[in-house]
Amino acid sequence: MNKLAQKKYAPSTERNREPILNVLTGCLPDHGTILEIASGSGQHAAYFISHLPNHYWLPSDPDPENRNSISAWWWDIQLNNILPPLDINTRDDVWPVENISLPLPVAAMVCINMIHISPWPSTIGLMKGAARILPPGGILYLYGPYKTGGQHTAPGNELFDINLRSRNPEWGLRDVEAVADIAGVHGLNLVKTVNMPANNLSVIFEKE
Ligand SMILES: C[S@@+](CC[C@H](N)C(=O)[O-])C[C@H]1O[C@@H](n2cnc3c(N)ncnc32)[C@H](O)[C@@H]1O
């Protein structure tokens, strides 16, 4: 099979991967499996795991074409601490990761650029899943553009929000406070937010 033919390229991943990795290395547990939700092309997975030799990376995406792309990136890097991608849709009540054995238990979850490009129930499902899967002290790391206090933080974010809502009225930038509230309902406490380049935020939660 020509794995290159299945690879997708998301240019934004090459811009944001290093700043994200810098935050991740400061907040991830020392070891364990990191479950990535909404891995998209798989470029983040391939880059991050090359820099996290003490962890396993478990990518996932509900889109079969994305899972093919993730597999193609995996094929390219040939590291044995990246696991085959799972078909996880956060809106499902049970995720496939709950029924398999892993080399190390899930210690953290990472979800980059999904919350604003999916309906709100996807975020609720993400929090429910994190509550089921993460151990006490486990980390949920989110990245993306957010509103704060109901306000956009930059004109570019407001335009992006309008664009998203025109593509799907259920999409759009979320209030970071609303995301923290729904996380709290599911026992995930906001640890901190970190301002990131291009008016994005890292949002880090810890399971009670
Ligand atoms: C903008 S892409 C981001 C992909 C990647 N994380 C990145 O930053 O390049 C949004 C991703 O969210 C995934 N997605 C949308 N709804 C989802 C859901 N309910 N559960 C899991 N993934 C979802 C899509 O399949 C897509 O891969």
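Heads up: the structure comes first, above all this text.
Residues numbered from 1 in each chain as written. Predicted model: local features only at pLDDT ≥ 70, side-chain atom pairs only at ≥ 80, totals over all residues. Heavy atoms only, no water.

### A few points about the pairing of strand E3 (residues 106-112)
We count it as follows: Accessibility here uses a 1.4 Å probe with only protein chains present; expressed as a share of the type maximum, an area under 20% marks a residue as buried, one over 50% as exposed, and anything in between as partly exposed. Here a strand is any run of E in DSSP of at least two residues, a helix any run of H or I of at least four, and the numbering for each starts at the N terminus. Strand pairing is defined by DSSP finding a minimum of two bridges between the two strands.
Of all 7 residues in E3, 7 are buried, a share of seventy percent or more. Where strand E1 (residues 32-37) and E3 come together, 5 bridges link them in parallel fashion. Bridge pairing in E3 links Ile 37 to Cys 111. Bridge count for E3 against strand E4 (residues 139-144) is 5 bridges, and the pairing is parallel. If you follow Met 109 over to E4, its bridge partner there is Leu 140.

### What to know about the packing of helix H4 (residues 120-133) against helix H6 (residues 176-185)
The condition is simple: For helices, the fitted axis covers only the stretch in contact; all axes are lines through C-alpha atoms, and the angles between them, taken along N-to-C directions, range from 0 to 180 degrees. Our angle categories are set so that under 35 degrees counts as roughly parallel, over 145 as roughly antiparallel, 65 to 115 as roughly perpendicular, and the remainder as oblique. Should the near helix be turned anticlockwise from the far one by less than a right angle, the crossing is termed left-handed; should it be turned clockwise, right-handed. Here, residues are in contact when the closest pair of their heavy atoms is within 4.5 Å. Residues were grouped as follows: Ala, Val, Leu, Ile, Met, Phe, Trp, Tyr, Cys and Pro as nonpolar; Asp, Glu, Lys and Arg as charged; and all remaining residues, including Gly, as polar.
It is at 9 Å that the axes of H4 and H6 come closest, and there the two elements cross at 40°. Taken together, the axis directions place H4 and H6 in an arrangement best described as oblique. Judged by the sense of rotation from one axis to the other, the crossing of H4 with H6 is right-handed. Here H4 contributes Trp 120, Thr 123, Ile 124 and Met 127 to the contact with H6, which in turn contributes Ala 178, Val 179, Ile 182 and Ala 183. For the contact of H4 with H6, the residue count by class is 7 nonpolar, 1 polar and no charged.

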